[in-house]
Amino acid sequence: MSPGFQGRPRSAEPALPPGQYLTEDFPVLSAGPTPKVRPDTWEFVVTTEAGAERRWSWAEFTALPQDTPTVDIHCVTRWSKLATNWQGVSLDVLLDGVDTAAAYALVHSYGGYTTNLPLADLRGGRAWVAHRFAGRDLPAEHGGPARLLVPHLYFWKSAKWVRGIRLKTMDEPGFWETAGYHAYGDPWREQRYTGD
Ligand SMILES: Nc1nc2c(c(=O)[nH]1)N[C@H]1C(S)=C(S)[C@@H](COP(=O)(O)O)O[C@H]1N2
Ligand SMILES: [Mo]
């Protein structure tokens, strides 16, 4: 037998980051209770490092150009789910024309959750504020009416019940990052905890 010629061929293995397993269901992971967020009082706010604000009501937000990304998602608790279908507004649209020199973003949720990431990771067609999942309005337990979706980072970065993004000159850790999770969280480099 030639070296490396055991087991299943590489091409038949699912495209999973190291240490992840595949799940078909959609686990719910929330650090606290599900906040009741009504679309008629919902708003989404981008605040620059200079304090300038840009706001969207639910009607304004849902009238923006929509994307329908199909993406793989990876939770730090080791489940991954492949080819999930979403609908939402690209952060490229929401950040278009925002006057900023900030390098970081701190994402805020209804209920108080926060998470940080480089502003560059919200750009380039890689992040959305999503309000539909699998052809339906996003269920409250999964972050409805709207959540951040940043599938190239561990799923804790995809803040549920998102209410706004504050642009920052300096990186500020969010909820899980303060508790020891990695500041960046690339699943392909297995950046689970600080120091990984
Ligand atoms: N507001 C808020 N967003 C959150 C969380 C949370 O507790 N609160 N948990 C994060 C974590 S750790 C994960 S894995 C995903 C889980 O999303 P799901 O419950 O839709 O699977 O949401 C992320 N976003
Ligand atoms: Mo998670």
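All of these numbers come straight from a predicted model, not from anything done at the bench.

### Things to note about the overall build of the protein
At step 1: Looking only at helices and strands, one finds three helices and 11 strands in the protein.
At step 2: For the protein, the α and β elements follow one another from N to C terminus as β-β-β-α-β-β-α-β-β-β-β-β-β-α.
At step 3: For the protein, whose C-alpha radius of gyration is 18 Å, the value lies close to the compact-globule estimate of 16 Å for 196 residues.
At step 4: If one aligns the C-alpha atoms of the protein with their principal axes, the spans along those axes are about 65 × 35 × 30 Å.
At step 5: Relative to its 196 residues, the protein shows a buried fraction of 45%.
At step 6: A separation of at least 24 residues holds for 66% of the contacts in the protein among residues at least 6 apart in sequence.
At step 7: Side-chain charges of the protein comprise 20 positive and 22 negative groups, with the mean position of each set lying 4 Å from the other.

### Quick notes on the site of ligand 1
At step 1: Not every one of the 20 residues close to ligand 1 is listed here, only the nearest: Pro27, Ala31, His142, Arg147 and Lys160.
At step 2: For ligand 1, an oxygen atom lies 2.9 Å from a polar atom in the backbone of leucine 29.
At step 3: Notes on ligand 1: free accessible area 530 Å², of which the protein chains cover 97%.
At step 4: Structurally, ligand 1 is housed in the largest pocket.
At step 5: Considered class by class, the residues forming the shell around ligand 1 number 13 nonpolar, four polar and three charged.

### Points about the layout of surface pockets
At step 1: Here the largest pocket is characterised by a volume of approximately 500 Å³.
At step 2: Split into classes, the residues belonging to the lining of the largest pocket amount to 19 nonpolar, eight polar and two charged.

### Some points on the sheet that holds strand β6 (residues 104-109)
At step 1: An order of β3-β2-β11-β6-β7 is seen for the five strands of this open sheet, with the pairing classed as mixed. Looking at strand neighbours, the two that pair on one side only are β3 (53-57) and β7 (114-118), the edges of this open sheet. Across the sheet, the mean angle separating the axes of adjacent strands is 15 degrees when strand polarity is ignored.
At step 2: Inspection of the sheet shows strand β2 (residues 43-47) paired to β3 by five bridges, in the antiparallel sense. Paired with valine 46 across the strands is arginine 54, a residue of β3.

### Description of unusual backbone geometry
At step 1: Across the junction of glycine 144 and proline 145, the peptide omega takes the value 15 degrees, indicating a cis bond.
At step 2: Positive phi is not limited to glycine here, since alanine 83 has a value of about 55 degrees.
At step 3: Unusually for a residue other than glycine, glutamate 190 sits at a positive phi of about 50 degrees.
At step 4: The topology assignment puts glutamate 190 in the segment after α3 (175-178).
At step 5: Take glutamate 190: its relative accessible area is 27%, and that puts it in the partly exposed class.

### Structural notes on the packing of aromatic side chains
At step 1: If you walk through the whole model with that rule in mind, you get 17 aromatic pairs.
At step 2: Here tryptophan 42 and phenylalanine 61 contribute two aromatic rings whose centre-to-centre distance is 4.9 Å and whose plane-to-plane angle is 50 degrees, an arrangement assigned as tilted. Residue tryptophan 42 is located in the loop between β1 (21-22) and β2, and its partner phenylalanine 61 is located in helix α1 (residues 58-62); the two are separated by 19 residues in the primary sequence. Grouping residues by exposure puts tryptophan 42 and phenylalanine 61 together as buried.
At step 3: Put simply, the rings of Tyr113, Tyr154, Trp156, Phe175, Trp176, Tyr181 and Tyr193 pair up and form one aromatic cluster.

Parameters and conventions
Residues numbered from 1 in each chain as written. Chains lettered and ligands numbered in written order. Predicted model: local features only at pLDDT ≥ 70, side-chain atom pairs only at ≥ 80, totals over all residues. Heavy atoms only, no water. Helix = DSSP H or I, 4+ residues; strand = E, 2+ residues; numbered from the N terminus. Rg over C-alpha atoms; globule rule 2.2 N^0.38 Å. Buried < 20%, exposed > 50% of the residue type's maximum accessible area, 1.4 Å probe, protein only. Contact = heavy atoms within 4.5 Å. Lys, Arg positive; Asp, Glu negative; His and termini not counted. Charge placed at Lys NZ, Arg CZ, Asp CG, Glu CD. Near = heavy atom within 4 Å. Polar contact = N/O pair within 3.5 Å; in protein donor to acceptor, adjacent residues only side chain to side chain. Areas by Shrake-Rupley, 256 points an atom, 1.4 Å probe, with all protein chains shown as cover. 1 Å grid on protein atoms, 1.4 Å probe; cavity = no way out; pocket = protein on both sides within 12 Å on 5 of 7 lines; lining within 4 Å. Sits in = over half its atoms within 2 Å of the grid points. Nonpolar A, V, L, I, M, F, W, Y, C, P; charged D, E, K, R; others polar. Points joined across faces, edges and corners; volume = space filled by probe spheres on them. Pairing = 2+ DSSP bridges. Axes fitted to C-alpha atoms, helices over the stretch in contact; angles between N-to-C directions. Phe/Tyr/Trp six-rings, centres within 6.5 Å; stacked < 30°, edge-to-face > 60°.

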